[in-house]
Amino acid sequence: MHQEGDLFTNFVCQVLPNAENFCRALRTRGGREERRPMNPSTMFDYDRLALAAYRKGLLTPSSLSSLSRKVLRESLRVAFPELGALPGLKYLCPPDEAMARLRERSVRYEQGMYRDYLLPPSSSRNATGRAHYLAGVEAEHRKSFEQYMERRMFCNWDVEFLLENNATVREWFQNKSL
């Protein structure tokens, strides 16, 4: 869904009659300014990098006895907060054909959600207005999907390449093994 808010908020604001005050409270989170991301995701690249370093022997079992996997991952994130922005960093991404299939499935899913569960704005209640509205939703979804691809949201760092070609990262792991 590419509307602001979560599914429940959109349901209350678009479907329930006479729910304007409740809708406003949901959208502003009761006056609090904090907003949850629309599509939160978890990044596993630091964890994958730590595992690759262990497999390459850059971390020894004895050095890990005092470090939990979580502590190691967070230490790595603190030491290299902008690692994903390094020039020349290689990424492992799904093939273009797989991404095209995923995009089309995602579009079909969102079309079904809008068609079956969400009412269009009142100006789009007739068949022509609804078709125009859904075409706009699809265009926005495709644009958003392309932006995700540009930001490499479906990709992972090539951690093997990173360990082989970045002496600073490799040395950081070796220093953890002392």
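Quick look at the structure, then. If you're wondering where the values come from, they're calculated on a predicted model, not measured in any experiment. (Residues numbered from 1 in each chain as written. Predicted model: local features only at pLDDT ≥ 70, side-chain atom pairs only at ≥ 80, totals over all residues. Heavy atoms only, no water.)

**Overview of the packing of aromatic side chains**
Moving on, step 1. Summed over the entire model, instances satisfying the criterion amount to 6 aromatic pairs.
Moving on, step 2. Ring geometry for Y114 versus Y133: centroids 6.2 Å apart, planes at 65°, classification edge-to-face. Residue Y114 is found in helix α6 (residues 96-117), and its partner Y133 is found in helix α7 (residues 127-150); the two are separated by 19 residues along the sequence.
Moving on, step 3. A relative accessible area of 18% means that Y133 is categorised as buried. (Phe/Tyr/Trp six-rings, centres within 6.5 Å; stacked < 30°, edge-to-face > 60°. Helix = DSSP H or I, 4+ residues; strand = E, 2+ residues; numbered from the N terminus. Buried < 20%, exposed > 50% of the residue type's maximum accessible area, 1.4 Å probe, protein only.)

**Some remarks on the nonpolar core**
Moving on, step 1. Grouped together as the largest cluster of nonpolar side chains are 20 residues, with contacts concentrated most on L49, L76, L83, W157, L163, V169 and F173.
Moving on, step 2. Of all the secondary structure elements, the ones that give two or more residues to this core are α3 (45-55), α5 (69-79), α8 (159-165) and α9 (167-176).
Moving on, step 3. The element best represented in this core is α3, accounting for 5 residues.
Moving on, step 4. Excluding anything up to four places from it in sequence, L163 contacts L49, A52, A53, K56, L58, V169, R170 and F173. (Core = buried A, V, L, I, M, F, W, Y, C linked by side-chain atoms within 4.5 Å. Contact = heavy atoms within 4.5 Å.)

**Quick look at α3**
Moving on, step 1. By the burial criterion, the buried members of α3 are D45, Y46, D47, L49, A50, A52 and A53.
Moving on, step 2. Considering only its buried residues, α3 is in contact with α5, β2 (156-157), α8 and α9.
Moving on, step 3. Where α3 terminates, the next one or two residues include G57, which has phi positive at roughly 85°.

**What to know about the environment of A50**
Moving on, step 1. Mapping A50 onto the fold places it in helix α3.
Moving on, step 2. For A50, a relative accessible area of 8% gives the class buried.
Moving on, step 3. The sequence separation of A50 and F173 amounts to 123 residues, and the corresponding C-alpha distance is 8.2 Å.
Moving on, step 4. With near-sequence residues (within four places) excluded, A50 lies in contact with L59, L72, L76 and F173.

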